[in-house]
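Listed here are the chains, written in short residue letters.
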Amino acid sequence: MAAYVVIVTEEISNPELMNQYKEQAQYLLGTQGVSFMAGPVVAETLEGSPPKGAVIIRFAFLEEAQSWYRSDEYQKLASMRLSASTSAAFIVEGT
């Protein structure tokens, strides 16, 4: 079953660092043949406060999503994202 990593950014405290994170995360995904399904621009907020951005990344299997997120390479980037913003990341299974 496919799995989707969803990252939602609520506030950005360091735009320069956040831009570095985005560039490096896109590069990392590109080297692994994974692509964004949606984002980073939020088209419409249906409920709650609008986030600054959100991305959805598709993986073929849950284990691939878990492995990617927990990898040393991405954890360095996640640390950068968390320093630059208030954000959340989670994995959702789907088709």
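Right above here is the structure, for reference.
Each chain has its residues counted from 1, following the order in which its sequence is written. Given that this is a predicted model, residues contribute local features only at a pLDDT of at least 70 and side-chain atom pairs are listed and counted only at 80 or more, while totals for whole chains, interfaces and linings are drawn from all residues. To obtain the side-chain values, all non-hydrogen atoms of the structure were used and water was disregarded.

Colleague: Give a description of helix H3 (residues 72-84) that names residues and reports values.
Modeller: Strands here are runs of E lasting at least two residues and helices are runs of H or I lasting at least four, both read from the DSSP assignment and numbered beginning at the N terminus. By this rule the span expected of a helix is its residue count minus one, scaled by 1.5 Å. Spanning 13 residues, H3 covers 19 Å between terminal C-alpha atoms, matching the ideal 18 Å at 1.5 Å per step. For every residue, the accessible area obtained with a 1.4 Å probe (protein chains only) is divided by the maximum for its type, and the residue is called buried under 20%, exposed over 50%, and partly exposed between those limits. Of the residues making up H3, those classed as buried are Tyr74, Leu77, Ala78, Met80, Arg81 and Ala84. Buried residues of H3, viewed axially, fall in a sector of 160°; they line one side. Relative to its buried face, H3 has exposed residues pointing more than 90 degrees away, namely Asp72 and Lys76. Contacts from the buried residues of H3 go to strand E1 (2-12), helix H1 (15-31), helix H2 (62-70) and strand E4 (85-94). Taking the helix axis as origin, the arc is that swept by the directions to the C-beta atoms. Contact criterion: two residues are considered in contact whenever any of their non-hydrogen atoms come within 4.5 Å of each other.

Colleague: Explain the pairing of strand E3 (residues 53-59) to me, using residue names and the numbers behind them.
Modeller: Of the two faces of E3, the one holding Gly53, Val55, Ile57 and Phe59 is buried and the one holding Ala54, Ile56 and Arg58 is not buried anywhere. Pairs of strands are assigned from DSSP output, requiring at least two bridges between the strands. Where E1 and E3 come together, seven bridges link them in antiparallel fashion. Across the sheet, Thr9 pairs through a bridge with Gly53, a residue of E3. In terms of strand pairing, strand E2 (residues 36-38) meets E3 through two bridges, oriented antiparallel.

Colleague: Can you break down H1 residue by residue, with the values?
Modeller: For H1, spanning 17 residues, the distance from its first C-alpha to its last is 24 Å, which sits close to the expected 24 Å at 1.5 Å a residue. Residues Leu17, Met18, Tyr21, Ala25, Leu28 and Leu29 constitute the buried set of H1. Looking straight down H1, one finds that the buried residues subtend no more than 100° of arc, so they occupy a single side. Residues Pro15, Glu16, Glu23, Tyr27 and Gly30 are exposed on H1 and point more than 90 degrees away from its buried face. For H1, the elements touching its buried residues are E1, E2, E3, H2, H3 and E4. Positive backbone phi, approximately 70°, marks Gly33, located one or two places after H1.

Colleague: So, the layout of surface pockets: which residues are in play, and what are the values?
Modeller: A cavity here means a set of 1 Å grid points, computed over protein atoms only, where a 1.4 Å probe fits but cannot escape. A pocket is an open set with protein on both sides within 12 Å along at least 5 of 7 lines, and lining residues have an atom within 4 Å of a point. Grid points are joined across faces, edges and corners, and a volume is the space filled by probe spheres set on the points. Its boundaries defined by the atoms lining it, the largest pocket holds a volume of some 290 Å³. No other element matches the six residues that H1 contributes to the lining of the largest pocket. Residues are sorted three ways: Asp, Glu, Lys and Arg are charged, Ala, Val, Leu, Ile, Met, Phe, Trp, Tyr, Cys and Pro are nonpolar, and all the rest, Gly among them, are polar. A per-class count over the lining of the largest pocket returns 14 nonpolar, four polar and three charged.

Colleague: Outline the packing of aromatic side chains, listing residues and values.
Modeller: Each Phe, Tyr or Trp ring, with Trp reduced to its six-membered ring, pairs with another whose centre is within 6.5 Å; inter-plane angles below 30 degrees give stacked pairs, above 60 give edge-to-face pairs, and intermediate values give tilted ones. Throughout the structure, instances matching the rule amount to four aromatic pairs. Residues Tyr21 and Tyr74 carry aromatic rings whose centres are separated by 6.3 Å and whose planes lie at 65° to one another, so their mutual orientation is edge-to-face. On the criterion of sequence distance, the pair formed by Tyr21 in helix H1 and Tyr74 in helix H3 is long-range, its members being 53 residues apart. The class of Tyr74 is buried, set by a relative accessible area of 0%. Ring centres of Tyr69 and Tyr74 lie 5.4 Å apart, and the angle between their planes is 45°; on these two criteria the pair is classed as tilted. Assessed through its relative accessible area of 25%, Tyr69 is described here as partly exposed.

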